[in-house]
Amino acid sequence: RGGQAQKEIPFAQPGSLTKVYAIASGKGGVGKSSVTVNLAAAMAKQGLKIGIVDADIYGHSVPAMLGVGDTRPTQVEDMIMPVPTPLTREYAGELSVISIGMLKPRRDQVVAWRGPMLDRALVQMLSDVYWGDLDALFLDLPPGTGDIAISLGQHLPNAEVVVVTTPQEAAAEVAERAGTMASMMHQRVVGVVENMSFLPCPHCAEEGREHRLEVFGSGGGARVAATLSGRFGYDVPVLGEIPLDLDLREGGDSGRPIVTTAPGSASAAALEKVAATL
Ligand code: ADP
């Protein structure tokens with residue numbers, strides 16, 4: 001082809017020991033990126049070597065959630081080095097990230113990503129980045145059933161998909177579609193995470209009572225799990241229900257995932273439990 005030889009995607013090779021998890025959702029704002037960084041951080045805390053590919057073109061919020069929002073990756077010969085997060089210093093393991101935003105010439109540049117360009121960017125993040133021997137690679141997908149999901153299915157059919165939804169009907173319906181899309185690309189949907197499941201009423205907690213305020217209704221996670229199980233003929237479980245939590249949001253904004261800042265909290269415990277089942 002005259003140009004550079006296409007590098008292979010190490011994670012797609014037979015015998016690759018890296019588990020690949022794609023985190024998908026039907027729509028934006030349900031906490032897909034927050035779940036991704038916390039699952040990855042929980043595993044790194046356990047001593048594993050973890051990478052995150054932020055493929056969410058609309059959000060690319062993962063680097064900021066891990067405290068490396070302004071960092072550009074360095075290049076060594078023809079390889080891009082993934083950006084190590086500050087958490088790597090605190091954790092037994094390692095956590096590095098590469099973001100589609102980091103591949104843009106300028107941070108503030110607005111790019112109208114089209115299918116082929118997106119495909120190239122995804123392949124670049126998988127094959128031109130020096131990941132080394134990872135225990136697990138997380139991909140934060142854009143919401144919906146777009147081009148990236150198709151590319152991913154083509155390049156990494158072995159990826160296992162985790163679907164994130166809120167309890168809300170409208171979120172669940174589109175989440176089912178995202179899960180079905182993954183299955184059409186022959187990927188296995190390993191489970192559903194229901195985020196923003198409820199708000200523990202702080203006043204009742206003060207009085208020693210547990211009272212859940214169902215801000216976004218209830219049942220979305222169970223509904224997605226039941227629909228996908230019925231459709232695929234294998235069990236797609238609800239892996240966890242993550243409460244609404246001010247500290248979780250603040251942890252994201254300040255670049256320190258809640259599994260690090262408040263490991264004893266209900267939301268961190270729920271996220272760590274999900275990570276342990278993956
Ligand atoms: P997505 O990746 O689905 O677009 P984000 O992870 O970016 O969603 O989350 C959207 C916003 O909601 C962020 O500001 C995030 O901090 C906040 N958020 C996500 N999950 C929770 C939660 N369980 N409790 C409180 N805030 C949350």
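Residues numbered from 1 in each chain as written. Predicted model: local features only at pLDDT ≥ 70, side-chain atom pairs only at ≥ 80, totals over all residues.

S.K.: Help me get a handle on unusual backbone geometry, residues and values and all.
M.R.: Even without glycine at this site, His 186 takes up a positive phi of about 70 degrees. For His 186, the location among the structural elements is in the loop between α6 (169-184) and β9 (188-195). Phi is positive for Met 196, close to 60 degrees, though the residue is something other than glycine. If you trace the backbone, Met 196 turns up in the loop between β9 and β10 (199-200). Take Met 196: there are 26 C-beta atoms within 10 Å of it, and that puts it in the buried class. (Helix = DSSP H or I, 4+ residues; strand = E, 2+ residues; numbered from the N terminus. Buried ≥ 20, exposed ≤ 12 C-beta atoms within 10 Å, placed from the backbone.)

S.K.: Explain the UniProt feature "binding site: ATP" (unreviewed entry) in the chain to me, and be specific about the residues and the numbers.
M.R.: As annotated by UniProt and renumbered to match this structure, "binding site: ATP" (unreviewed entry) occupies Gly 26, Lys 27, Gly 28, Gly 29, Val 30, Gly 31, Lys 32 and Ser 33. When you line up the elements, Lys 27 lands in the loop between β1 (19-25) and α1 (32-45). When neighbours within four sequence positions are excluded, Lys 27 is seen to be in contact with Pro 143, Gly 144, Ala 171 and Val 174. Residue position: Gly 28 is located in the loop between β1 and α1. Once residues lying within four places of it in the same chain are set aside, the contact partners of Gly 28 are Tyr 58, Gly 59 and Pro 143. (UniProt positions renumbered as here; feature names shortened; annotations may be inferred. Contact = placed C-beta atoms within 7 Å.)

S.K.: So, the environment of Met 102: which residues are in play, and what are the values?
M.R.: Here Met 102 is to be found in the loop between β6 (94-99) and α4 (115-127). Met 102 gets classed as buried once you count the C-beta atoms within 10 Å, which come to 20. Taking the C-alpha atoms as reference points, Met 102 and Ser 16, separated by 86 residues in sequence, lie 26 Å from one another. Beyond its immediate chain neighbours, meaning those up to four positions away, Met 102 contacts Arg 72 and Pro 73.

S.K.: Which residues make up the site of the ligand, and what are the values?
M.R.: Near the ligand, the surroundings consist of 19 residues, among which Gly 31, Lys 32, Ser 33, Ser 34 and Arg 249 are the closest. Partitioned by chemical class, the residues of the shell around the ligand number five nonpolar, eleven polar and three charged. (Near = placed C-beta within 6 Å. Nonpolar A, V, L, I, M, F, W, Y, C, P; charged D, E, K, R; others polar.)

S.K.: Please provide a residue-by-residue account of the confidence of the model for the chain, values included.
M.R.: Overall, the predicted model of the chain reaches an average pLDDT of 92, with 97% of residues at or above 70. Of the two predicted TM-score estimates for the complex, the pTM is 0.95 and the ipTM is 0.99. (pLDDT = per-residue confidence, 0-100.)

S.K.: I'd like a rundown of the packing of α4 against helix α5 (residues 147-155), residues and numbers included.
M.R.: Contact geometry of α4 with α5 gives a least axis separation of 9 Å together with a crossing angle of 45 degrees. Viewed along their axes, α4 and α5 adopt a mutual orientation that is oblique. Crossing geometry of α4 relative to α5 is assigned as right-handed. Across from Gly 115, Leu 118, Asp 119, Leu 122, Val 123 and Leu 126 in α4, the residues of α5 making contact are Asp 147, Ile 148, Ser 151, Leu 152 and His 155. Of the residues in the contact of α4 with α5, the class split is six nonpolar, three polar and two charged. (Axes fitted to C-alpha atoms, helices over the stretch in contact; angles between N-to-C directions. Parallel < 35°, antiparallel > 145°, perpendicular 65-115°, else oblique. Left-handed = near helix turned anticlockwise from the far one by under 90°.)

S.K.: Outline the environment of Ala 44, listing residues and values.
M.R.: If you trace the backbone, Ala 44 turns up in helix α1. Considering only alpha carbons, one finds Ala 44 and Ala 136, 92 residues apart in sequence, at a separation of 9.4 Å. If sequence neighbours within four positions are ignored, Ala 44 has contacts with Ile 50, Leu 87, Tyr 91, Gly 93, Glu 94 and Leu 95.

S.K.: Talk me through the pairing of strand β8 (residues 160-165); I want residue IDs and the actual numbers.
M.R.: In terms of burial, β8 is a largely internal element, five of the six residues being buried. Bridging between β1 and β8 involves five bridges; their strand directions are parallel. In the sheet register, Ala 22 faces β8, and the bridge partner there is Val 161. Note: β8 against β9, six bridges, orientation parallel. In the sheet register, Glu 160 faces β9, and the bridge partner there is Arg 188. In this fold, β8 hands off to α6, which returns the chain to β9; that crossover is right-handed. (Pairing = 2+ DSSP bridges. Right-handed = clockwise from strand over helix to strand, strands pointing away.)

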